[in-house]
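Survey of secondary and tertiary structure
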Amino acid sequence: MLNAAVMFRRLGQTAHALARYDDIVMRLGTASELPLRDLLAMALGSKAVTLGEAGRIDEEIAVYEIMVRRFGAESELPLRRQVAWALGNKAARLGQTGRTEDEIAAWAEIVERFAMASEPLLRVPAAEALFNTGNKLGQIGRPEEAIAAYDELLARFGRPSERYMREQVARALVSKGGMLSQIGRSDEALAVYDEVAERFGTASEPVLRELVANARQHKMSRLRQLGRSEDEIAVFDDFIGHLGTENEPTMRQRVATAMVHKGVRLAELGRDEEALAAYDDVVERFGAATEPVLTEHVAWALFNKAVRLGQLERREHAVAVYDELIARFETSSQPALRERVAKSLYNKGVGLGELGRSTEAVAVHDQVIGRFGTAAEPILREHVAKALVHKGLRLGQLGRLDEELAVYDELVARFGTASERVLREQVAKALVNKSIRLGQIGRKDEQMAADEEVLRRFGTAREPLLREQVGIALYNKGVRLGQLGRSEQAIAIYDEVVARFGAASEPVLREHVAKSLGNKAARLAKMGRNDEAVAVYDEVIARFGAASEPALREHLAKALVNKSVKLSEMGQKGETIAIYDEVIARYGTASEPAMRVRVAKALVSKGIRLGEMGRNEEEIVAYDEVVIRFGTAAEPAVCEQVGWALSNKAIRLAQKARAEEAIAVYDDLIGRFSTASEPVMREQVAKAMVHKAVRLGELGRGMQEIAVYDDVIARYGAAKEPALREQAAKALHNKAVALRQRAGSAAGISL
């Protein structure tokens, strides 16, 4: 009859199966013989399972409770096992239906009934019940009670000899470690993971070896969360050492994962050569593997190695590693490997571009587009879009501007209707790049149209990178309007940039707010609205005065200097000097080249303003400070300011009848920059030589004067630059005058 009921159950004839089970219960309900009572218990249990399969959960649970009432006081092992089984199923079903407290109570009943049993077959359900209790308590946010349940399991069953009980103890330890980590008791958690390894590290059973591997991995994760990378690496080595010779697929995968993560951690610690060696170890150990998961790890290691080499600016080597990855996996159909190949091709193209090999870069980006251009996978579509953007940039660098613009149009045609964030970002970049290029080649109307398209497509976007592109497009639109002489419209656009993005935290947007304010002020100044211009420069200073970003510091310094120029034009020279002093105080120790130029210019301008106010000694001190601060500078733009400081100082000394000192300063300028190739500095040297000769003449040192004129003529008489030929002409004229004066003529000297 029991077999017939089972057959009906398997055939899905639930009513017939239940009827047969009820018939067995009716017939055997008063039986006293153990085999019949065991059969009765089995029939009840099968009835309960059948009810559960039919979705009649409450009836199922009720049958389990009948089993416990009927057989709960029995002493025979088969019936006690049936009771333990019924309680376990009841607890599981209660948990599945969300009756958590009842579930926990059912597990507790199993522990109470069977934890002290001498028979292993009864002790196992008790251990399982404690383990399940701990898991459930952890799931519902009662970690301390969960730990107590695991501890009870360990206290009752912690030194078992039976294989299955050893597995339960190992599971309890791993779960306890996880719960301790969850509540921040990290040292205890690490100790528990170590205990798993110590107790079961030499076990041969697959399940125990898997649990030991879990413990080691949890330990590595916890050490990473604690920032203890050195300790984590030691655990990686221990893990790899213990499992490195395993042939079981899951273990080989774990070893490969640990080896890759070891490389990542070493790179984070700046131990780059060790990181690269770790990636090489992965390739050496698993490079010939055919299992998909291991080939993916080999690709992962090669990719990480190439990325790290690029970050170390070893770009040629990085390109070679990308080539190795591509050669290994370019024909693979595995999604993860196709993704790695696409990323590697794209990164290779970027790397070639950074090496100045733009033609090769374009060819590699074409490979990305050709191989994956029709792919449906989102990540592959992203890399096609990125490849198109970078292809456009490289074509521009090669001067192939029409092709560059065509590539941007191709990207918009392919992905212009895409809804994915990354694709929308690439479309926006392409349109902005197109706008910039159109502006550079004078196609202003098309440029404005490209900017308008960015604003139309993405003007209300909230994604950070899209907001950045909108900010750039708006700013560029303002610039173009200004170039077209439509100043009021340009100012309105700059105001829109500030209104939209003035509170933004993204560096690119903050920079464009600063640039917009600076351009607005410049546009106001050109319109003669100096008071408004100064107010806008003050807004830049107020918004970005505490900024630490180099670009914003540069815009702030520029605003300060431009404000000082306006104030000077408005006759407020005293305030101008105070602003120059602020620039010098803020940025005097800056190391950025642009800021060093600003400081040097501020000192030179301060000297000029002091001279205009008749404060000549302070003026000369300002020029001297330029030389003291920047006299050994190598940057041409800074050297240029040193030249102006020396030139201005010499002129002032000459005006004060300190000709000998002036000549010494001219000699300093000529000695410093006589071999310079920059046009401005060559002109400074030529002028200094002419002025030096004039001063020599004033001191009656005619032969020396004429010799200097001859030197100017010899150096610059055949120069291509008009400014230098002008100085040679002055020298020729002055030489003739000097010669006539020596002969008694009274012709004038030119400066």
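Below: a short report on this structure. Once a new chain begins, its residue numbering starts again from 1 and follows that chain's sequence as written. Under the rules for a predicted model, residues below a pLDDT of 70 receive no local features and side-chain atom pairs below 80 are neither given nor counted, while totals for whole chains, interfaces and linings still include all residues. Water and hydrogen atoms play no part in the side-chain values, which are based on all heavy atoms of the structure.

1. Some points on the overall build of the protein
Helix and strand assignments follow DSSP, with helices taken as H or I runs no shorter than four residues and strands as E runs no shorter than two, numbered in order from the N terminus. A count of helical and extended segments in the protein gives 35 helices and 0 strands. Here the radius of gyration uses the C-alpha set of atoms, whereas the globule reference equals 2.2 Å times the residue count to the power 0.38. On C-alpha atoms alone, the protein measures out to a radius of gyration of 42 Å, which is more than a quarter above the 27 Å that the 2.2 N^0.38 rule sets for 751 residues. C-alpha extents for the protein along the principal axes are approximately 150 × 55 × 50 Å. Using a 1.4 Å probe, the Shrake-Rupley method yields the accessible areas, and only the shown protein chains count as cover for residues. Accessible area for the protein stands at about 33,800 Å²; split by element, carbon and sulfur atoms hold 50% of it. Asp and Glu are treated as the negative residues and Lys and Arg as the positive ones, with His and the ends of the chain left uncounted. Charged side chains are reduced to one point each, which is NZ for Lys, CZ for Arg, CG for Asp and CD for Glu. Measuring between centres, the 107 positive side-chain charges of the protein sit 3 Å from its 108 negative side-chain charges.

2. What about the nonpolar core?
The nonpolar core is taken to be a set of buried Ala, Val, Leu, Ile, Met, Phe, Trp, Tyr and Cys residues, with the residues joined through side-chain atoms within 4.5 Å. Relative accessibility decides the category of a residue: with a 1.4 Å probe and only protein chains considered, values under 20% of the type maximum give buried, values over 50% give exposed, and everything between is partly exposed. Residues Phe286, Phe329, Phe372, Phe415, Phe458, Phe501 and Phe544 are the most contacted members of the largest nonpolar core, which totals 110 residues. Not counting the four nearest positions on each side in its chain, Phe501 is found in contact with Arg467, Val470, Gly471, Leu474, Leu509 and Val513. Ranked by size, the runner-up nonpolar core spans 67 residues in total, among them Ala43, Leu51, Phe157 and Ala203. We call two residues in contact when some of their heavy atoms are within 4.5 Å.

3. Observations concerning the layout of surface pockets
A 1.4 Å probe that fits but cannot get out identifies a cavity on a 1 Å grid over protein atoms alone, an open set with protein on both sides within 12 Å along at least five of seven lines counts as a pocket, and a residue lines either if it has an atom within 4 Å of a point. Grid points are joined across faces, edges and corners, and a volume is the space filled by probe spheres set on the points. Counted as a void, the largest pocket has a volume near 230 Å³. Arg81, Ala84, Trp85, Gly88, Asn89, Trp107, Ile110, Leu121, Pro125, Glu128, Ala129 and Asn132 together form the lining of the largest pocket. Contributions of two or more residues to the lining of the largest pocket are made by helix H5 (77-96), helix H6 (100-114) and helix H7 (120-139). Across the lining of the largest pocket, the residue classes tally to 7 nonpolar, 3 polar and 2 charged. The wall of the second largest pocket is formed by Ala306, Val307, Gly310, Gln311, Arg315, Ala318, Val319, Tyr322, Asn347, Val350, Gly351 and Glu354. Counting only elements with at least two residues in the lining of the second largest pocket, the list comes to helix H15 (292-311), helix H16 (315-329) and helix H17 (335-354). Of the residues assigned to the lining of the second largest pocket, the class counts are 6 nonpolar, 4 polar and 2 charged. Put simply, Ala, Val, Leu, Ile, Met, Phe, Trp, Tyr, Cys and Pro go in the nonpolar bin, Asp, Glu, Lys and Arg in the charged bin, and everything else, Gly too, in the polar bin.

4. Digging into helix H14 (residues 272-286)
At 3.6 residues per turn, the α-helix brings residues three or four places apart onto the same side. In a regular helix each residue adds 1.5 Å, so 15 residues correspond to 21 Å; H14 covers 21 Å between its end C-alpha atoms and thus fits that length. Residues of H14 that are buried include every one of Asp272, Ala275, Leu276, Ala278, Tyr279, Val282, Val283 and Phe286, and no others. Within H14, the buried residues cover an arc of 155° as seen down the axis, which keeps them to one side. For H14, exposure combined with an orientation more than 90 degrees from the buried face picks out Glu273 and Glu284. By this rule, a helix spans an expected 1.5 Å times one less than how many residues it contains. By construction, the arc corresponds to the directions joining the helix axis to the C-beta atoms.

5. Some details on the packing of aromatic side chains
A pair of aromatic rings is counted whenever rings of Phe, Tyr or Trp (Trp by its six-membered ring) have centres within 6.5 Å, and the orientation is called stacked for planes under 30 degrees apart, edge-to-face for over 60 and tilted otherwise. Taken as a whole, this structure holds 4 aromatic pairs when the rule is applied. Look at Tyr64 and Trp85: their rings are 5.8 Å apart centre to centre, the planes differ by 80°, and that puts the pair in the edge-to-face class. Taken together, the residues span a long stretch of sequence, with Tyr64 in helix H4 (residues 57-71) and Trp85 in helix H5 at a distance of 21 residues. Among the residues examined, Trp85 registers a relative accessible area of 34% and is labelled partly exposed.

6. Re the environment of Ala318
The residue Ala318 is located in helix H16 in this model. A residue is classified by how much of its surface remains accessible, and Ala318, at 4% relative accessible area, is buried. Along the sequence, Ala318 and Asn347 sit 29 residues apart, while their C-alpha atoms lie 9.2 Å from each other. With residues up to four places along the chain from it excluded, the contact list for Ala318 reads Ala306, Leu309 and Gly310.

7. A word on unusual backbone geometry
Within the chain, Glu313 stands out as a residue other than glycine whose phi angle is a positive 65°. One can find Glu313 in the loop between H15 and H16. Phi angles above zero are rare outside glycine, and Ala657 is one such case at about 65°. If you trace the backbone, Ala657 turns up in the loop between helix H31 (636-655) and helix H32 (659-673). For Ala657, a relative accessible area of 68% translates into the label exposed.

8. Description of the pattern of salt bridges
For this analysis, a salt bridge means a side-chain nitrogen from Lys or Arg found within 4 Å of a carboxyl oxygen belonging to Asp or Glu. Enumeration according to the criterion identifies 85 salt bridges in this entry. With a closest N to O distance of 3.8 Å, Arg80 and Glu119 form a salt bridge. Taken together, the positions of Arg80 in helix H5 and Glu119 in the loop between H6 and H7 put the pair 39 residues apart, joining distant regions of the chain. Of the residues examined, Arg80 reaches a relative accessible area of 18% and is grouped as buried. Asp187 is the partner of Arg228 in a salt bridge, and the nearest nitrogen-oxygen pair spans 3.9 Å. Note that Arg228 is positioned in the loop between helix H11 (206-225) and helix H12 (229-243) and Asp187 in helix H10 (residues 186-200), a separation of 41 residues in sequence. By relative accessible area, which is 59% here, Asp187 ends up exposed. Salt bridges sharing partners connect three or more residues here, namely Arg224, Glu232, Arg265 and Glu268.

9. Quick look at the packing of helix H19 (residues 378-397) against helix H21 (residues 421-440)
Between H19 and H21, whose axes approach to 9 Å, the crossing angle comes to 15°. Relative to H21, the element H19 is oriented roughly parallel. As H19 packs across H21, the resulting crossing turns out to be left-handed. Contacts from Arg381, Glu382, Ala385, Lys386, Val389, Leu393 and Gly396 of H19 reach H21 at Val422, Leu423, Gln426, Asn433 and Arg437. Residues belonging to the contact of H19 with H21 are distributed by class as follows: 5 nonpolar, 3 polar and 4 charged. Axes here mean lines fitted to C-alpha atoms, for a helix over just the part in contact, with angles spanning 0 to 180 degrees between N-to-C directions. Any angle that falls under 35 degrees is termed roughly parallel, while one over 145 is termed roughly antiparallel, one within 65 to 115 roughly perpendicular, and all others oblique. Each crossing gets its handedness from the near helix: less than a right angle anticlockwise from the far helix is left-handed, clockwise is right-handed.

Purely geometric stuff here, so don't read any function into it on its own.
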